[in-house]
Amino acid sequence: MQSEQLNQICQQHHAVLLGTEGGAIRVAVAGAPSTELVQALAFASNQRADIESWSRQRLEKYVQDKHETPAFDEGKNAAVELVSHALERAVTRRASDIHLEPNESGGHIRLRVDGVLQPLTRFSSEICTAAVARLKILGNLDIAERRLPQDGQFDTEIHGEKLSLRLSTLPCRAGEKAVLRLLRQQTRPLDPEALGMEPAALKTFLATLAKPQGLILVTGPTGSGKTLTLYSALNTLNRPGVNIACVEDPIEIPLVGLTQTQIHPKAGLSFQVVLRALLRQDPDIIMVGEIRDKETAEIALNAAQTGHLVLSTLHTQSTVETLTRLEQMGIARWQIACALKLIIAQRLVRRLCSHCRQPAPDRLTLPQTLSPQPVSHWHAVGCERCYGGYYDRLALFELMPINATLRQAILAGETAHTLEQLCRQQGIQTLLESGINAVRQGLTTVHELWRVLGVPHEEN
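A.B. asks: Any details on the pairing of strand 8 (residues 161-172)? Residues and values, ideally.
C.D. replies: Note that strand 7 (residues 150-158) and strand 8 share 9 bridges and pair antiparallel. Residue pairing in the sheet places Glu157 in a bridge with Lys162 of strand 8. Here strand 7 hands over to strand 8 after 2 residues, with His159 in that stretch at a positive phi of 50°. Sheet analysis places strand 8 next to strand 9 (residues 175-184), joined by 10 bridges and oriented antiparallel. The partner of Ser168 across the bridge, within strand 9, is Val179. Counting the residues in the hairpin turn of strand 8 and strand 9 gives 2 residues.

A.B. asks: Tell me about helix 12 (residues 404-411), and name the residues and values.
C.D. replies: Residues Leu406, Ala409 and Ile410 constitute the buried set of helix 12. The buried residues of helix 12 occupy an angular sector of 100° when the element is viewed end-on, so they sit on one face. Summarising the geometry of helix 12, the exposed residues directed more than 90 degrees from the buried face are Ala404 and Gln408. For helix 12, the elements touching its buried residues are helix 10 (319-328), helix 11 (333-339), strand 18 (390-401) and helix 13 (416-425). Following helix 12 by one or two positions, Gly413 has its phi on the positive side, about 80°.

A.B. asks: Can you explain the pattern of salt bridges? Please cite residues and give values.
C.D. replies: Per the counting criterion, the structure on display carries 14 salt bridges. Arg173 is the salt-bridge partner of Glu104, the closest N and O atoms lying 2.1 Å from each other. Here Glu104 is found in the loop between strand 4 (97-103) and strand 5 (106-113), whereas its partner Arg173 is found in the loop between strand 8 and strand 9, with 69 residues between them in sequence. Each member of the pair Glu104 and Arg173 is classed as exposed. One salt bridge connects Arg350 with Glu448, and the closest N-O pair in it is separated by 3.1 Å. Here Arg350 is found in strand 15 (residues 340-352), whereas its partner Glu448 is found in helix 15 (residues 446-453), with 98 residues between them in sequence. We note that Arg350, like Glu448, is buried. What emerges from the salt-bridge pattern is a single network uniting Glu101, Arg110 and Lys177.

A.B. asks: An account of the confidence of the model for the protein chain is needed here, citing residue identities and associated values.
C.D. replies: Low pLDDT means the predicted atomic positions in that stretch should not be read closely. Overall, the predicted model of the protein chain reaches an average pLDDT of 88, with 95% of residues at or above 70. Confidence scores differ between elements of the protein chain, with helix 3 (residues 56-66) showing the lowest mean pLDDT of 70 and strand 10 (residues 214-219) the highest of 97.

A.B. asks: Describe the sheet that holds strand 5, naming the residues involved and giving the relevant values.
C.D. replies: By definition, the strands of a sheet pair up through backbone hydrogen bonds, in either a parallel or an antiparallel sense. What the 6 strands build is an open sheet, ordered 6-5-4-9-8-7; its pairing is antiparallel. In this open sheet, the two strands that pair with only one neighbour each are strand 6 (116-123) and strand 7. Each neighbouring strand pair of the sheet contributes to a mean axis angle of 20°, computed without reference to strand direction. The sheet contact formed by strand 5 and strand 6 spans 7 bridges and is antiparallel. When the bridges of strand 6 are listed, Gly107 appears paired with Phe123.

A.B. asks: Kindly report on the packing of helix 12 against helix 13, identifying the contributing residues and their values.
C.D. replies: Interhelical geometry of helix 12 versus helix 13 gives an angle of 175° and a closest axis separation of 11 Å. For the element pair helix 12 / helix 13, the angle class is roughly antiparallel. Residues Thr405, Leu406, Ala409 and Ile410 of helix 12 form the contact with helix 13, whose own contacting residues are Leu419, Leu422 and Cys423. Classifying every residue of the contact of helix 12 with helix 13 gives 6 nonpolar, 1 polar and no charged.

A.B. asks: Which residues make up the packing of helix 10 against helix 13, and what values do they have?
C.D. replies: Close contact between helix 10 and helix 13 brings their axes to 9 Å; oriented N to C, the two are set at 145°. Judged by the twist between their axes, the crossing of helix 10 over helix 13 is right-handed. Between helix 10 and helix 13, the contacting residues are Val320, Leu323 and Thr324 on the first element and Ala416, Leu419, Glu420 and Cys423 on the second. Partitioned by chemical class, the residues of the contact of helix 10 with helix 13 number 5 nonpolar, 1 polar and 1 charged.

A.B. asks: An account of the side chain of His99 is requested, with residue identities and associated values reported.
C.D. replies: Its location among the elements puts His99 in strand 4. Accessibility expressed as a relative area gives 10% for His99, which makes it buried. A distance of 3.2 Å separates the side chain of His99 from the side chain of Lys177, its partner in a polar contact. Those residues in contact with His99 that sit more than four places away from it in its chain are His108, Ile109, Arg110, Arg112, Leu117, Lys177, Ala178 and Val179.

A.B. asks: Tell me about the nonpolar core, and please be specific about residues and values.
C.D. replies: Ranked by internal contacts, the top residues of the largest apolar core, which has 39 residues, are Val247, Val310, Leu323, Leu340, Met400 and Leu419. With 6 residues, helix 9 (residues 294-305) is the single largest residue contributor to this core. Grouped together as the second largest cluster of nonpolar side chains are 35 residues, Leu82, Ala86, Leu100 and Cys353 included.

Definitions and limits used
- Residues numbered from 1 in each chain as written.
- Predicted model: local features only at pLDDT ≥ 70, side-chain atom pairs only at ≥ 80, totals over all residues.
- Heavy atoms only, no water.
- Pairing = 2+ DSSP bridges.
- Helix = DSSP H or I, 4+ residues; strand = E, 2+ residues; numbered from the N terminus.
- Buried < 20%, exposed > 50% of the residue type's maximum accessible area, 1.4 Å probe, protein only.
- Arc of directions from axis to C-beta.
- Contact = heavy atoms within 4.5 Å.
- Salt bridge = Lys/Arg side-chain N within 4 Å of Asp/Glu carboxyl O.
- pLDDT = per-residue confidence, 0-100.
- Axes fitted to C-alpha atoms, helices over the stretch in contact; angles between N-to-C directions.
- Parallel < 35°, antiparallel > 145°, perpendicular 65-115°, else oblique.
- Nonpolar A, V, L, I, M, F, W, Y, C, P; charged D, E, K, R; others polar.
- Left-handed = near helix turned anticlockwise from the far one by under 90°.
- Polar contact = N/O pair within 3.5 Å; in protein donor to acceptor, adjacent residues only side chain to side chain.
- Core = buried A, V, L, I, M, F, W, Y, C linked by side-chain atoms within 4.5 Å.

Here's what the structure looks like:
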């Protein structure tokens with residue numbers, strides 16, 4: 001009974017009970033222990049508490065190894081226990097997504113940690129079907145409908161942390177697959193200086209945010225950190241003297257001082273409808289969660305030309321490709337050139353574990369355009385504190401400020417290749433070059449860089 005009580009106290013204070021030895025209890029905590037934890041342990045046990053200060057990585061890995069997947073029997077609560085276990089492990093491992101996948105021999109769960117799927121557990125087909133039904137109930141979906149995809153959302157609390165989860169189900173060959181996206185309370189500081197931009201890029205970003213009007217686009221695939229970049233900008237701009245209005249799908253980070261509206265397509269509340277309404281709300285700054293079509297793009301560009309600072313995202317692979325994508329949407333080049341102030345392309349790569357990384361004995365030869373000289377690099381090894389040699393992620397950035405030269409080139413209808421050459425002439429650092437700098441500094445590996453950005457080829 002006392003052991004359960006001690007475990008509960010440790011969970012409340014994000015600590016781990018290691019055991020009881022020689023009349024003392026051993027506890028591990030990330031960083032310095034709080035006074036409340038020490039007092040609670042002393043009150044509950046009447047024993048001396050030996051508290052060890054561990055790194056966050058070591059504590060996380062210990063919890064993962066200690067609570068490795070239990071065996072789920074065919075009991076009536078097996079599906080409920082499986083879903084609870086998956087949610088707890090997802091929070092412990094900082095996962096962004098949970099994949100529940102059926103197959104011919106049963107089912108399994110994988111967690112996306114730092115952008116890569118990691119296996120969690122396997123179970124029978126019966127439990128898999130029941131677990132999907134359990135998730136549908138939580139997401140207020142139709143449990144009888146197994147032929148069509150469904151989307152839902154629900155909130156829960158794990159170890160004192162409030163979570164919002166987006167649920168998607170999809171019929172497949174062996175049954176139904178369910179994927180949960182975890183929208184967690186933001187723990188990273190919403191500060192542009194904490195994004196990891198190099199000094200020159202950060203200076204450009206802050207200078208553009210200080211402009212009274214224009215369009216700033218943050219681009220990249222899903223899961224590349226665009227949301228954090230946008231909210232860091234909004235947090236910087238959030239002052240009592242300005243009116244900031246946002247239209248999102250969904251609202252991922254609630255911020256005091258902002259008007260945040262979530263779209264509801266089934267009710268007719270689309271991005272376009274909300275945007276038109278926002279323009280009648282006397283805004284100074286507008287944030288559009290994503291530009292998905294020509295109509296949304298035109299409203300955003302018009303707002304940027306009529307005295308508003310507009311921030312939004314677009315799913316493109318590079319800064320130059322963003323210009324091409326807007327043109328493909330049917331946006332006139334003169335509109336793009338007049339309204340656009342800055343394009344940011346970004347990616348997330350896994351960060352090397354600083355405890356076990358090892359310098360490579362050889363130097364890496366890259367295409368001349370990337371690095372004329374061979375580059376020193378590091379190997380991922382793997383230890384008790386990390387996942388295969390990596391822990392957490394870092395962002396790579398490519399910033400294209402639309403200056404007079406580029407604006408004229410856009411108006412003249414220059415090709416993407418010509419625009420890329422102009423960017424190079426002006427010293428704009430590409431995503432690959434940003435990644436190579438990270439490799440040189442031992443922050444990531446070249447293999448991780450190629451995984452995210454693709455292998456470069458020597459230009460002719």
